[in-house]
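Residue-level listing of the chains:
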There are 2 protein chains.
Amino acid sequence: MLNRVRSAVAHLVSSGGASPPRPKSPDLPSTTSAPPAAAPETPKSPPARPGSESGASAKTVETRASFSRPTFLQLSPGGLRRADDHAGRAVQSPPDRGRRLPWSTGYAEVINAGKSRHNEDQACCEVVYVEGRRSVTGDPREPSQSQGLCFYYWGLFDGHAGGGAAEMASRLLHRHIREQLRDLVEILQDPSPPPLCLPGTSGTPGCSDSTHLIGPQSCWSSQKEVTHESLVVGAIENAFQLMDEQMARERERRGHQVEGGCCALVVVYLLGKVYVANAGDSRAIIVRNGEIIPMSREFTPETERQRLQLLGFLKPELLGGEFTHLEFPRRVQPKELGQRMLYRDQNMTGWAYKKIELEDLRFPLVCGEGKKARVMATIGVTRGLGDHNLKVCSSTLPIKPFLSCFPEVRVYDLTQYEHCPDDVLVLGTDGLWDVTNDCEVAATVDRVLSAYEPNDPSRYTALAQALVLGARGTPRDRGWRLPNNKLGSGDDISVFVIPLGGPGSYS
Amino acid sequence: MLNRVRSAVAHLVSSGGASPPRPKSPDLPSTTSAPPAAAPETPKSPPARPGSESGASAKTVETRASFSRPTFLQLSPGGLRRADDHAGRAVQSPPDRGRRLPWSTGYAEVINAGKSRHNEDQACCEVVYVEGRRSVTGDPREPSQSQGLCFYYWGLFDGHAGGGAAEMASRLLHRHIREQLRDLVEILQDPSPPPLCLPGTSGTPGCSDSTHLIGPQSCWSSQKEVTHESLVVGAIENAFQLMDEQMARERERRGHQVEGGCCALVVVYLLGKVYVANAGDSRAIIVRNGEIIPMSREFTPETERQRLQLLGFLKPELLGGEFTHLEFPRRVQPKELGQRMLYRDQNMTGWAYKKIELEDLRFPLVCGEGKKARVMATIGVTRGLGDHNLKVCSSTLPIKPFLSCFPEVRVYDLTQYEHCPDDVLVLGTDGLWDVTNDCEVAATVDRVLSAYEPNDPSRYTALAQALVLGARGTPRDRGWRLPNNKLGSGDDISVFVIPLGGPGSYS
């Protein structure tokens with residue numbers, strides 16, 4: 001996330017203090033139940049390792065608190081040093097030897113060109129077993145009678161203002177999803193519609209699901225049908241919120257090592273369906289038979305302008321007298337008082353002229369365009385996890401109320417189409433998408449996969465590497481350059497390539 | 001708008017009082033400048049005419065205050081009686097004799113089957129001349145140097161809880177649009193980008209448009225480009241808001257004859273582009289070479305659930321302790337306290353279980369499904385004009401804060417495609433769309449237009465009539481029935497058919 005946060009990086013680097021022990025996700029059960037006869041859960045990310053360089057004490061704190069790379073990269077200390085080299089920018093992938101990622105998923109990453117001390121992207125790929133919490137009959141003493149569930153999980157976390165939030169999310173978000181799904185294990189395996197009401201924790205008997213009408217409210221003549229799919233969506237949404245709340249608590253307790261925030265793009269495969277949840281500016285697309293299917297959209301100050309403005313309008317105290325919720329095409333100057341300038345408010349998509357008044361001279365809540373768009377002149381994404389201590393530059397005004405931790409979840413039914421080995425789901429952080437687009441990625445998918453045998457499981461890693469290399473470019477003319485001589489991405493770049501042609505049959 | 005408002009109709013009908021003179025849009029200049037050499041403006045809607053029936057005094061008030069039909073129908077007193085007949089439900093169209101509507105637009109309407117005393121739909125079709133307000137040089141004494149502008153205008157207004165708002169909007173909304181466009185007359189005719197800043201009303205000199213940067217805010221390194229198109233969108237958006245504010249003032253001043261509210265769907269054709277603005281549950285589609293292009297979306301408690309819930313969450317005082325902002329799939333019952341029920345909040349698209357607490361027993365802000373969905377158990381649309389006095393059933397809680405007067409505006413560039421005489425823009429109130437869909441309408445377009453010569457200007461009226469008849473059905477089996485024996489629409493039905501094949505050349 002290049003240049004997306006103006007204040008907090010310096011903030012973090014300059015903060016000193018001791019290095020307390022890493023949090024151990026105190027809000028989640030630390031034991032991971034083993035599945036009865038399913039793929040074992042890939043080990044969680046390793047504890048933070050000290051960096052190889054001995055920097056200033058302030059930097060050491062950041063290093064200790066946040067530097068790690070995904071376990072599945074199986075990096076040796078020497079490999080870790082190479083992965084941390086901003087000059088060489090070697091592309092990292094899981095080794096050919098050893099166990100492959102589930103579904104033969106391809107992965108590649110590269111560190112930024114120097115914009116932050118370490119790679120602030122993190123990744124996670126897991127097979128997660130979900131054991132039912134208890135029987136749905138309502139007796140808490142009675143264990144769940146059904147088999148548990150497995151879900152496959154991929155996550156990309158693009159950190160800003162420090163690597164703590166991304167690292168924490170990569171370790172814990174899938175556990176929150178697992179916890180949310182535990183109540184649903186029996187329900188999701190029962191083909192009948194989900195019960196609208198369940199017994200309480202105290203063992204009160206559950207109610208029947210027949211329609212109960214109270215009074216003459218005609219709008220309640222029927223009950224809503226809730227699908228299994230929407231329960232999984234709700235579980236993922238709530239898991240994001242709980243992850244965010246846990247970050248807030250950890251920050252209170254442990255301070256700067258969970259400093260910062262992160263975009264989160266995760267994929268859950270469960271019972272035939274792929275759920276893509278995005279909060280931030282990473283992106284997921286499916287390339288299927290050459291066709292592009294967008295599986296996410298980016299959340300930025302531009303795409304979420306009206307939501308941000310509405311919040312500023314309804315809760316003006318959040319603007320602290322320093323900002324105006326109105327948008328102007330450029331900063332208003334004091335000498336323009338009384339003149340008429342173009343503006344738009346939270347209700348408008350068009351523009352109109354308004355007479356400039358004193359409070360229009362305040363800094364706009366949303367300003368700038370494209371990669372330079374900012375909320376409160378500070379941050380360039382509007383959804384993600386963490387950022388609980390992020391303040392407006394030179395101010396004590398918190399930004400978090402404007403940032404949402406809720407993802408948009410899109411669902412893709414894998415069973416509705418017969419996928420071939422060249423059909424893939426590509427996830428990338430903005431380091432990829434800043435310098436390329438869906439069509440170019442689809443062309444790379446075609447070019448690289450056609451150079452490999454369809455049953456060669458290394459083809460997806462080769463594709464991920466090609467995508468990362470194509471976005472990074474090569475060092476030339478005092479910078480990283482693409483073949484067309486444009487600047488390559490100087491940001492951290494991380495890419496998953498998930499083949500859709502045989503889910504479950506690879507692992 | 002059948003059965004969409006539960007309280008206010010009875011409210012209105014039971015209110016008595018004298019019948020004050022009709023408002024004469026005191027907030028707008030009453031003179032309409034004649035265009036230099038353009039099509040004359042169609043006369044505005046006539047003053048309300050007394051109904052033919054002498055009902056109870058309370059009903060007479062409603063009759064006098066709100067009953068009128070569009071002028072372009074040129075109804076005689078006898079014709080007006082026939083148009084007001086809920087049993088016969090004769091389809092009304094402008095007469096074949098006499099002047100056609102601009103572009104040979106087709107129109108047809110029919111009254112409801114008895115759900116309200118009169119037809120609560122209203123319609124307007126105008127050619128509006130816009131004279132520039134003053135020279136853009138900034139000297140208010142200097143008249144505008146440019147030619148004025150003409151726009152073509154079509155509007156459908158679907159009233160609820162009385163006909164006053166729809167009738168007022170049909171008379172005045174295009175004037176508000178004209179007023180908003182007056183500042184833009186020169187700017188829209190100048191191919192260079194619109195100035196970001198204009199001189200003030202006091203004649204202060206305007207500023208240049210070069211970038212003015214203040215301080216080191218990197219997000220302001222460039223100014224936004226604002227298009228001519230987005231100025232027209234902004235003008236329409238603000239016109240809707242001003243119309244709504246005028247209704248609030250008129251209601252304060254004149255009481256019940258501007259009672260009620262209305263959905264508004266309007267089309268503005270200006271300088272080659274068609275702007276379709278929708279606030280409510282009417283719908284516009286283009287049928288072009290058999291292809292359907294949606295030009296609006298409906299705003300209902302279901303489609304706007306998250307906006308409504310967010311407002312209730314951020315401003316709980318608007319819920320008055322009577323409602324909860326959470327949604328449940330059915331009403332929660334007191335005996336379910338402590339159990340867990342499916343719910344979703346303002347951030348969720350999926351569902352999850354929550355333990356039922358005391359405040360979950362409150363009535364949900366949004367409830368019901370489809371045509372039975374309601375905000376605060378009262379109203380089934382969430383955007384429109386008016387409704388300033390609408391209260392929750394048996395309560396003093398106002399509903400208006402949840403209703404938005406802002407339209408969504410979609411733009412269609414007529415110059416980007418060579419249209420044939422069979423390409424049309426169809427506007428219909430929900431009376432049409434409740435019993436038919438886009439595909440059936442497209443099939444009717446094809447069937448009816450192919451039965452007429454391409455240059456027969458009456459074909460569009462014939463098509464509008466066919467659409468209205470097809471939605472109304474015929475009286476049979478104690479109701480209005482469609483050929484498939486399903487119930488026809490018992491609501492008011494109004495349809496415009498606007499040919500796209502030769503804009504400007506017909507009038």
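Up top is the structure.
A few points on the structure.

What counts and how
- Residues numbered from 1 in each chain as written.
- Chains lettered and ligands numbered in written order.
- Predicted model: local features only at pLDDT ≥ 70, side-chain atom pairs only at ≥ 80, totals over all residues.
- Heavy atoms only, no water.
- Phe/Tyr/Trp six-rings, centres within 6.5 Å; stacked < 30°, edge-to-face > 60°.
- Helix = DSSP H or I, 4+ residues; strand = E, 2+ residues; numbered from the N terminus.
- Buried < 20%, exposed > 50% of the residue type's maximum accessible area, 1.4 Å probe, protein only.
- Axes fitted to C-alpha atoms, helices over the stretch in contact; angles between N-to-C directions.
- Parallel < 35°, antiparallel > 145°, perpendicular 65-115°, else oblique.
- Left-handed = near helix turned anticlockwise from the far one by under 90°.
- Contact = heavy atoms within 4.5 Å.
- Nonpolar A, V, L, I, M, F, W, Y, C, P; charged D, E, K, R; others polar.
- Expected span 1.5 Å × (residues − 1).
- Bend = angle between axes of the 7 residues up to and from the residue.

This part is about the packing of aromatic side chains. All names here are of chain A. With the rule as written, the count across this model stands at 20 aromatic pairs over all chains. With 4.9 Å between their ring centres and 85° between their planes, Phe72 and Tyr107 make a pair best called edge-to-face. Within this pair, whereas Phe72 is found in the loop between helix 2 (57–66) and helix 3 (77–83), its partner Tyr107 is found in strand 1 (residues 106–110), the two being separated by 35 residues in sequence. Tyr107 carries the same exposure label as Phe72, and that label is buried.

Turning to the packing of helix 4 (residues 164–182) of chain A against helix 6 (residues 228–254) of chain A, a few remarks are in order. All names here are of chain A. In the contact formed by helix 4 and helix 6, the axes pass within 8 Å of each other and the chain directions differ by 135°. Here helix 6 runs oblique to helix 4, going by the angle between their axes. Note that helix 4 runs across helix 6; the crossing there is right-handed. Contacts from Ala165, Met168, Ala169, Leu172, Leu173, His176, Ile177, Gln180 and Leu181 in helix 4 reach Ala235, Asn238, Ala239, Phe240, Leu242, Met243, Gln246, Met247 and Glu250 in helix 6. Of the residues belonging to the contact of helix 4 with helix 6, the class tally is 13 nonpolar, four polar and one charged.

Our next topic: helix 9 (residues 438–450) of chain A. Since the α-helix packs 3.6 residues into each turn, any two residues three or four apart lie on the same face. Taking 1.5 Å of rise per residue, 13 residues should cover 18 Å, and helix 9 of chain A covers 18 Å from first to last C-alpha, within 8% of that figure. Where helix 9 of chain A is buried, its residues meet strand 7 (283–288), strand 8 (291–294), strand 17 (424–428), helix 8 (430–433) and helix 10 (459–472) of chain A.

What follows covers helix 4 (residues 164–182) of chain B. Residue and element names in this part refer to chain B. The end-to-end C-alpha separation of helix 4 is 27 Å, in line with the 27 Å expected for 19 residues at 1.5 Å each. Its axis deflected by about 40° at Ser170, helix 4 carries its strongest bend there. Judged by how many residues are buried, helix 4 sits mostly within the fold: 18 of 19 residues are covered.

This part is about the packing of helix 9 (residues 438–449) of chain B against helix 10 (residues 459–472) of chain B. Axes are the key here: two packed helices are described by the angle between their axes and the distance separating the axes. All names here are of chain B. Where helix 9 meets helix 10, the axes come as close as 9 Å, and the angle between the chain directions of the two elements is 140°. Between helix 9 and helix 10, the angle is such that the two are oblique. Crossing angle aside, the handedness with which helix 9 passes helix 10 is right-handed. Contacts from Val441, Thr444, Val445, Val448 and Leu449 of helix 9 reach helix 10 at Arg459, Tyr460, Ala462, Leu463, Ala466 and Leu467. Counted by class, the contact of helix 9 with helix 10 contains nine nonpolar, one polar and one charged residues.

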